[in-house]
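Spelled out, the chains give:
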Amino acid sequence: MAKLAVNVDHIATVRQARRTIEPDPVVAAAIAELAGAEGIIIHLREDRRHIQDRDLHILKQTVKTKLNLEMAATEEMIRIACQTKPEMVTLVPEKREELTTEGGLDISRKPLLKKAITTLKKDGILVSLFINPEPADVKVSRGLGADFVEIHTGRYADAQNEAEKEQELSRIRKAVETAHRLKLRINAGHGLNYINIKPLVAWPEIEEFSIGHSIIARAVLVGMERAVKEMLALIRQG
Ligand code: PXP
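It should be emphasised that the depicted structure is a prediction, and the values quoted were computed from it without experimental measurement.

Rules of the game
- Residues numbered from 1 in each chain as written.
- Predicted model: local features only at pLDDT ≥ 70, side-chain atom pairs only at ≥ 80, totals over all residues.
- Heavy atoms only, no water.
- Helix = DSSP H or I, 4+ residues; strand = E, 2+ residues; numbered from the N terminus.
- Rg over C-alpha atoms; globule rule 2.2 N^0.38 Å.
- Buried < 20%, exposed > 50% of the residue type's maximum accessible area, 1.4 Å probe, protein only.
- Contact = heavy atoms within 4.5 Å.
- Areas by Shrake-Rupley, 256 points an atom, 1.4 Å probe, with all protein chains shown as cover.
- Lys, Arg positive; Asp, Glu negative; His and termini not counted.
- Charge placed at Lys NZ, Arg CZ, Asp CG, Glu CD.
- Pairing = 2+ DSSP bridges.
- Right-handed = clockwise from strand over helix to strand, strands pointing away.
- Salt bridge = Lys/Arg side-chain N within 4 Å of Asp/Glu carboxyl O.
- 1 Å grid on protein atoms, 1.4 Å probe; cavity = no way out; pocket = protein on both sides within 12 Å on 5 of 7 lines; lining within 4 Å.
- Points joined across faces, edges and corners; volume = space filled by probe spheres on them.
- Nonpolar A, V, L, I, M, F, W, Y, C, P; charged D, E, K, R; others polar.
- Expected span 1.5 Å × (residues − 1).
- Axes fitted to C-alpha atoms, helices over the stretch in contact; angles between N-to-C directions.
- Near = heavy atom within 4 Å.
- Polar contact = N/O pair within 3.5 Å; in protein donor to acceptor, adjacent residues only side chain to side chain.
- Sits in = over half its atoms within 2 Å of the grid points.

Asker: Before we move on, can you summarise the overall build of the chain with the specific residues and values?
Answerer: Counting its secondary structure elements, the chain contains ten helices and eight strands. Against the 2.2 N^0.38 benchmark of 18 Å for 238 residues, the chain shows a C-alpha radius of gyration of 17 Å, consistent with a compact globule. In the chain, which comprises 238 residues, the proportion classed as buried is 52%. Restricting the contact set of the chain to residue pairs at least 6 apart, pairs at least 24 apart contribute 66%. Surface exposure of the chain reaches about 11300 Å², of which carbon and sulfur atoms provide 53%. Positive and negative side-chain charges of the chain, numbering 36 and 34 respectively, have mean locations separated by a distance of 3 Å.

This is the structure in C-alpha coordinates:
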(Lines give C-alpha, C1' and ligand atoms only; values in the text may rest on other atoms or scores of the structure.)
Protein backbone atom coordinates (compact mmCIF):
# COMPACT_ATOMS: atom_id res chain seq x y z
CA MET A 1 0.00 0.00 0.00
CA ALA A 2 1.24 3.49 -0.82
CA LYS A 3 2.46 5.74 1.96
CA LEU A 4 1.51 9.33 2.66
CA ALA A 5 4.25 11.92 3.14
CA VAL A 6 2.95 15.31 4.25
CA ASN A 7 4.55 18.53 3.04
CA VAL A 8 4.34 21.16 5.83
CA ASP A 9 5.68 24.14 3.83
CA HIS A 10 2.40 26.03 4.05
CA ILE A 11 2.36 25.94 7.83
CA ALA A 12 5.58 27.92 7.50
CA THR A 13 3.93 30.16 4.88
CA VAL A 14 1.38 31.29 7.50
CA ARG A 15 4.14 31.83 10.07
CA GLN A 16 6.27 33.85 7.66
CA ALA A 17 3.28 36.07 6.78
CA ARG A 18 3.97 37.73 10.17
CA ARG A 19 7.63 36.71 10.65
CA THR A 20 6.62 35.25 13.98
CA ILE A 21 7.08 31.86 15.63
CA GLU A 22 3.66 30.35 14.97
CA PRO A 23 2.29 28.15 13.54
CA ASP A 24 5.35 25.95 13.75
CA PRO A 25 5.95 23.38 10.97
CA VAL A 26 7.80 21.27 13.54
CA VAL A 27 4.61 20.93 15.61
CA ALA A 28 2.54 20.30 12.46
CA ALA A 29 4.95 17.54 11.42
CA ALA A 30 4.65 15.87 14.82
CA ILE A 31 0.85 15.95 14.66
CA ALA A 32 0.92 14.61 11.09
CA GLU A 33 3.10 11.70 12.22
CA LEU A 34 0.84 10.99 15.20
CA ALA A 35 -2.11 10.90 12.76
CA GLY A 36 -0.33 8.27 10.68
CA ALA A 37 1.76 10.13 8.09
CA GLU A 38 4.72 8.03 7.04
CA GLY A 39 6.97 10.87 5.99
CA ILE A 40 7.46 14.62 6.34
CA ILE A 41 8.50 16.82 3.43
CA ILE A 42 9.86 20.36 3.40
CA HIS A 43 11.14 22.49 0.56
CA LEU A 44 14.00 24.75 1.60
CA ARG A 45 13.84 27.38 -1.12
CA GLU A 46 16.70 29.65 -2.06
CA ASP A 47 14.59 32.70 -1.05
CA ARG A 48 13.50 31.06 2.26
CA ARG A 49 9.93 32.17 1.63
CA HIS A 50 8.45 29.54 3.94
CA ILE A 51 10.70 26.84 5.42
CA GLN A 52 13.75 28.23 7.27
CA ASP A 53 17.10 26.57 8.01
CA ARG A 54 16.02 26.30 11.65
CA ASP A 55 13.03 24.15 10.61
CA LEU A 56 15.26 21.73 8.73
CA HIS A 57 17.66 21.39 11.66
CA ILE A 58 14.94 20.77 14.23
CA LEU A 59 12.92 18.45 11.97
CA LYS A 60 16.04 16.39 11.34
CA GLN A 61 16.11 15.72 15.10
CA THR A 62 12.38 15.29 15.67
CA VAL A 63 10.91 13.48 12.64
CA LYS A 64 10.45 9.84 13.52
CA THR A 65 9.35 8.52 10.12
CA LYS A 66 11.37 9.93 7.21
CA LEU A 67 12.43 13.46 6.36
CA ASN A 68 12.43 14.27 2.66
CA LEU A 69 14.10 17.57 1.77
CA GLU A 70 12.99 19.12 -1.52
CA MET A 71 15.64 21.41 -2.92
CA ALA A 72 17.25 22.79 -6.04
CA ALA A 73 20.51 21.17 -7.16
CA THR A 74 22.59 24.20 -6.17
CA GLU A 75 25.92 24.16 -4.36
CA GLU A 76 24.40 25.86 -1.30
CA MET A 77 21.59 23.30 -0.99
CA ILE A 78 23.85 20.31 -1.58
CA ARG A 79 26.15 21.57 1.19
CA ILE A 80 23.20 22.01 3.57
CA ALA A 81 21.82 18.55 2.74
CA CYS A 82 25.19 16.86 3.25
CA GLN A 83 25.60 18.61 6.62
CA THR A 84 22.04 17.84 7.79
CA LYS A 85 21.62 14.39 6.21
CA PRO A 86 17.85 14.01 5.80
CA GLU A 87 16.85 10.46 4.86
CA MET A 88 15.97 11.62 1.38
CA VAL A 89 16.42 14.55 -0.98
CA THR A 90 14.07 15.30 -3.84
CA LEU A 91 15.72 17.48 -6.44
CA VAL A 92 13.31 19.99 -7.94
CA PRO A 93 13.62 22.89 -10.36
CA GLU A 94 13.27 26.29 -8.70
CA LYS A 95 12.42 29.72 -10.06
CA ARG A 96 12.26 32.73 -7.80
CA GLU A 97 9.13 34.17 -9.39
CA GLU A 98 7.02 30.99 -9.27
CA LEU A 99 4.22 30.47 -6.72
CA THR A 100 5.02 26.77 -6.48
CA THR A 101 7.23 24.28 -8.35
CA GLU A 102 5.92 24.62 -11.89
CA GLY A 103 7.27 21.65 -13.78
CA GLY A 104 9.57 18.69 -13.52
CA LEU A 105 13.36 18.93 -13.69
CA ASP A 106 15.06 19.86 -16.93
CA ILE A 107 16.56 16.43 -17.26
CA SER A 108 18.94 17.55 -20.01
CA ARG A 109 21.10 19.21 -17.31
CA LYS A 110 22.78 15.85 -16.87
CA PRO A 111 26.25 16.84 -15.51
CA LEU A 112 24.71 19.08 -12.82
CA LEU A 113 22.19 16.44 -11.75
CA LYS A 114 24.74 13.63 -11.87
CA LYS A 115 27.11 15.58 -9.63
CA ALA A 116 24.34 16.35 -7.14
CA ILE A 117 23.12 12.73 -7.07
CA THR A 118 26.63 11.33 -6.62
CA THR A 119 27.49 13.76 -3.80
CA LEU A 120 24.24 13.16 -1.91
CA LYS A 121 24.36 9.38 -2.30
CA LYS A 122 27.94 9.31 -1.07
CA ASP A 123 26.57 10.75 2.19
CA GLY A 124 23.98 8.00 2.45
CA ILE A 125 21.04 10.15 1.32
CA LEU A 126 18.39 8.60 -0.94
CA VAL A 127 17.85 10.76 -4.02
CA SER A 128 14.62 11.32 -5.92
CA LEU A 129 14.20 13.36 -9.09
CA PHE A 130 10.96 15.30 -9.57
CA ILE A 131 10.21 14.74 -13.24
CA ASN A 132 7.49 15.30 -15.79
CA PRO A 133 5.53 12.15 -16.67
CA GLU A 134 7.66 11.32 -19.71
CA PRO A 135 9.18 7.85 -20.24
CA ALA A 136 12.30 9.53 -21.69
CA ASP A 137 12.83 11.51 -18.48
CA VAL A 138 12.38 8.33 -16.45
CA LYS A 139 15.07 6.60 -18.50
CA VAL A 140 17.51 9.48 -18.04
CA SER A 141 16.81 9.46 -14.27
CA ARG A 142 17.74 5.79 -14.19
CA GLY A 143 20.95 6.49 -16.08
CA LEU A 144 21.84 9.28 -13.65
CA GLY A 145 21.65 6.88 -10.71
CA ALA A 146 18.56 8.24 -8.92
CA ASP A 147 16.95 5.92 -6.35
CA PHE A 148 13.45 7.31 -6.91
CA VAL A 149 11.54 9.39 -9.39
CA GLU A 150 8.69 11.56 -8.22
CA ILE A 151 6.20 11.79 -11.05
CA HIS A 152 4.77 15.30 -11.39
CA THR A 153 0.98 15.09 -11.19
CA GLY A 154 0.39 18.85 -11.57
CA ARG A 155 -0.94 18.80 -15.12
CA TYR A 156 -3.36 16.02 -14.22
CA ALA A 157 -4.49 18.04 -11.19
CA ASP A 158 -4.97 21.15 -13.36
CA ALA A 159 -6.89 19.35 -16.15
CA GLN A 160 -9.95 21.33 -17.16
CA ASN A 161 -12.19 18.51 -18.37
CA GLU A 162 -12.55 14.72 -18.36
CA ALA A 163 -10.75 14.21 -21.68
CA GLU A 164 -7.74 16.21 -20.51
CA LYS A 165 -7.76 14.39 -17.20
CA GLU A 166 -7.75 10.99 -18.94
CA GLN A 167 -4.94 12.10 -21.22
CA GLU A 168 -2.80 13.24 -18.29
CA LEU A 169 -3.58 10.08 -16.32
CA SER A 170 -2.42 7.98 -19.22
CA ARG A 171 0.84 9.99 -19.44
CA ILE A 172 1.41 9.35 -15.73
CA ARG A 173 0.57 5.66 -16.22
CA LYS A 174 3.19 5.29 -18.99
CA ALA A 175 5.84 7.01 -16.88
CA VAL A 176 5.00 4.80 -13.89
CA GLU A 177 5.21 1.65 -16.02
CA THR A 178 8.57 2.71 -17.43
CA ALA A 179 9.96 3.48 -13.97
CA HIS A 180 8.68 0.18 -12.61
CA ARG A 181 10.26 -1.74 -15.49
CA LEU A 182 13.58 0.01 -14.85
CA LYS A 183 13.34 -0.85 -11.14
CA LEU A 184 13.20 2.76 -10.02
CA ARG A 185 11.20 3.45 -6.87
CA ILE A 186 8.22 5.70 -7.55
CA ASN A 187 6.65 8.62 -5.70
CA ALA A 188 3.99 10.96 -7.07
CA GLY A 189 2.80 14.39 -6.19
CA HIS A 190 1.83 17.98 -6.85
CA GLY A 191 -1.71 19.30 -6.85
CA LEU A 192 -3.18 16.08 -5.42
CA ASN A 193 -6.27 16.50 -3.28
CA TYR A 194 -9.05 14.49 -1.64
CA ILE A 195 -10.87 14.07 -4.96
CA ASN A 196 -8.26 13.71 -7.68
CA ILE A 197 -6.12 11.19 -5.79
CA LYS A 198 -8.76 8.47 -6.21
CA PRO A 199 -7.65 6.92 -9.54
CA LEU A 200 -3.99 6.94 -8.48
CA VAL A 201 -4.39 5.01 -5.23
CA ALA A 202 -5.20 1.86 -7.20
CA TRP A 203 -1.71 1.77 -8.77
CA PRO A 204 0.51 -0.52 -6.69
CA GLU A 205 3.75 0.75 -8.26
CA ILE A 206 3.45 4.11 -6.49
CA GLU A 207 5.30 3.86 -3.19
CA GLU A 208 4.44 7.24 -1.73
CA PHE A 209 2.25 10.27 -2.33
CA SER A 210 3.72 13.67 -1.56
CA ILE A 211 0.91 16.02 -0.58
CA GLY A 212 0.99 19.49 0.90
CA HIS A 213 -1.45 22.21 -0.06
CA SER A 214 -4.72 20.28 0.04
CA ILE A 215 -3.95 18.75 3.44
CA ILE A 216 -2.84 22.04 5.00
CA ALA A 217 -5.86 23.83 3.45
CA ARG A 218 -8.17 21.30 5.10
CA ALA A 219 -6.18 21.34 8.34
CA VAL A 220 -6.79 25.08 8.69
CA LEU A 221 -10.50 24.32 8.92
CA VAL A 222 -10.75 20.90 10.56
CA GLY A 223 -7.37 20.39 12.22
CA MET A 224 -4.16 18.66 11.16
CA GLU A 225 -4.97 15.27 12.65
CA ARG A 226 -8.31 14.95 10.87
CA ALA A 227 -6.94 16.27 7.57
CA VAL A 228 -4.12 13.71 7.57
CA LYS A 229 -6.39 10.85 8.66
CA GLU A 230 -8.90 11.62 5.91
CA MET A 231 -6.19 11.55 3.24
CA LEU A 232 -4.75 8.34 4.67
CA ALA A 233 -8.18 6.70 4.55
CA LEU A 234 -8.42 7.48 0.82
CA ILE A 235 -4.95 6.10 0.13
CA ARG A 236 -5.70 2.96 2.12
CA GLN A 237 -8.81 2.31 0.03
CA GLY A 238 -6.36 1.58 -2.78
N1 PXP B 1 6.15 17.33 -4.85
C2 PXP B 1 6.98 18.35 -5.14
C3 PXP B 1 8.28 18.03 -5.79
C4 PXP B 1 6.65 19.68 -4.81
O5 PXP B 1 7.51 20.68 -5.11
C6 PXP B 1 5.45 19.94 -4.15
C7 PXP B 1 5.10 21.34 -3.74
O8 PXP B 1 5.95 21.76 -2.74
C9 PXP B 1 4.61 18.84 -3.85
C10 PXP B 1 4.98 17.55 -4.23
C11 PXP B 1 3.33 19.00 -3.12
O12 PXP B 1 2.44 19.70 -3.92
P13 PXP B 1 1.08 20.22 -3.29
O14 PXP B 1 1.44 21.24 -2.26
O15 PXP B 1 0.36 20.78 -4.48
O16 PXP B 1 0.41 19.02 -2.69
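Asker: Before we move on, can you summarise the pairing of strand β6 (residues 148-152) with the specific residues and values?
Answerer: Burial analysis of β6 places five of its five residues in the buried class, the great majority of the element. Neither face of β6 is exposed, since Phe148, Glu150 and His152 on one face and Val149 and Ile151 on the opposite face are all buried. Bridge count for strand β5 (residues 126-131) against β6 is four bridges, and the pairing is parallel. In the sheet register, Leu129 faces β6, and the bridge partner there is Val149. In this fold, the crossover linking β5 to β6 by way of helix α6 (residues 135-144) has right-handed handedness. Here β6 runs beside strand β7 (residues 185-189); their pairing, made up of five bridges, is parallel. Bridge pairing links Ile151 to Ala188 in β7.

Asker: Please provide a residue-by-residue account of the pattern of salt bridges, values included.
Answerer: Throughout the structure, instances matching the rule amount to 20 salt bridges. The closest approach of N and O atoms between Glu177 and Arg173, which form a salt bridge, is 3.0 Å. Linking Glu177 with Arg173, this pair stays in helix α8 (residues 162-181), spanning four residues, or about one helical turn. Judged by relative accessible area, which is 38%, Glu177 ranks as partly exposed. Overall, the relative accessible area of 21% leaves Arg173 in the partly exposed class. Ionic contacts of the salt-bridge type, sharing partners, join the residues Arg15, Asp24, Arg54 and Asp55 into one network.

Asker: Tell me about the layout of surface pockets, residues and numbers included.
Answerer: Counted as a void, the largest pocket has a volume near 700 Å³. Forming the walls of the largest pocket are 33 residues, and the residues nearest its centre are Thr100, Thr101, His190, Gly191 and His213. Of all the elements in the fold, those that place two or more residues in the lining of the largest pocket are α1 (9-18), β6, α7 (154-157), β8 (206-211) and α9 (213-222). Tallying contributions element by element places α1 first for the lining of the largest pocket, with three residues. Taken together, the residues that form the lining of the largest pocket break down as six nonpolar, 18 polar and nine charged. Reported here for the second largest pocket is a volume of approximately 220 Å³. Around the second largest pocket sit 14 residues that line it, and Ala72, Ala73, Val92, Glu94 and Arg109 are the ones nearest its centre. Listed by contribution, the elements that provide at least two residues to the lining of the second largest pocket are α4 (75-84) and α5 (110-122).

Asker: Residues and numbers for α8, please.
Answerer: End to end, α8 covers 28 Å across 20 residues, agreeing with the expected 28 Å (1.5 Å per residue, within 8%). Those residues of α8 that sit buried are Glu168, Leu169, Arg171, Ile172, Ala175, Val176, Thr178 and Ala179. Contacts from the buried residues of α8 go to α6, β6, α7, β7 and β8. Positioned one or two residues after α8, Lys183 has a phi angle of 65°, which is positive.

Asker: Can you break down the sheet that holds strand β1 (residues 3-7) residue by residue, with the values?
Answerer: On the basis of which strands lie adjacent, the closed barrel formed by eight strands has the order β1-β2-β3-β4-β5-β6-β7-β8 and parallel pairing. In this sheet, adjacent strand axes meet at a mean angle of 25° when their direction is disregarded. Packing of helix α3 (residues 53-62) onto the sheet brings it into contact with β2 (39-43) and β3 (67-71), and relative to β3 it is tilted by some 155°.

Asker: Run through the site of the ligand, naming residues and quoting values.
Answerer: Around the ligand, the structure places 14 residues, and the nearest of them are Glu70, Thr101, Glu150, Gly191 and Gly212. One of the side-chain nitrogen or oxygen atoms of Asn7 is found 3.3 Å away from an oxygen atom of the ligand. The contact in question runs from an oxygen atom of the ligand to an N or O atom on the backbone of Gly191, over 2.8 Å. Here the ligand has 390 Å² of accessible area as a free molecule, and 94% of this is covered by the chains. Using a 2 Å cut-off from the grid points, one finds that the ligand occupies the largest pocket. Grouping the amino acids of the shell around the ligand by side-chain chemistry returns three nonpolar, eight polar and three charged.

Function-wise, these values are silent; they only describe arrangement.
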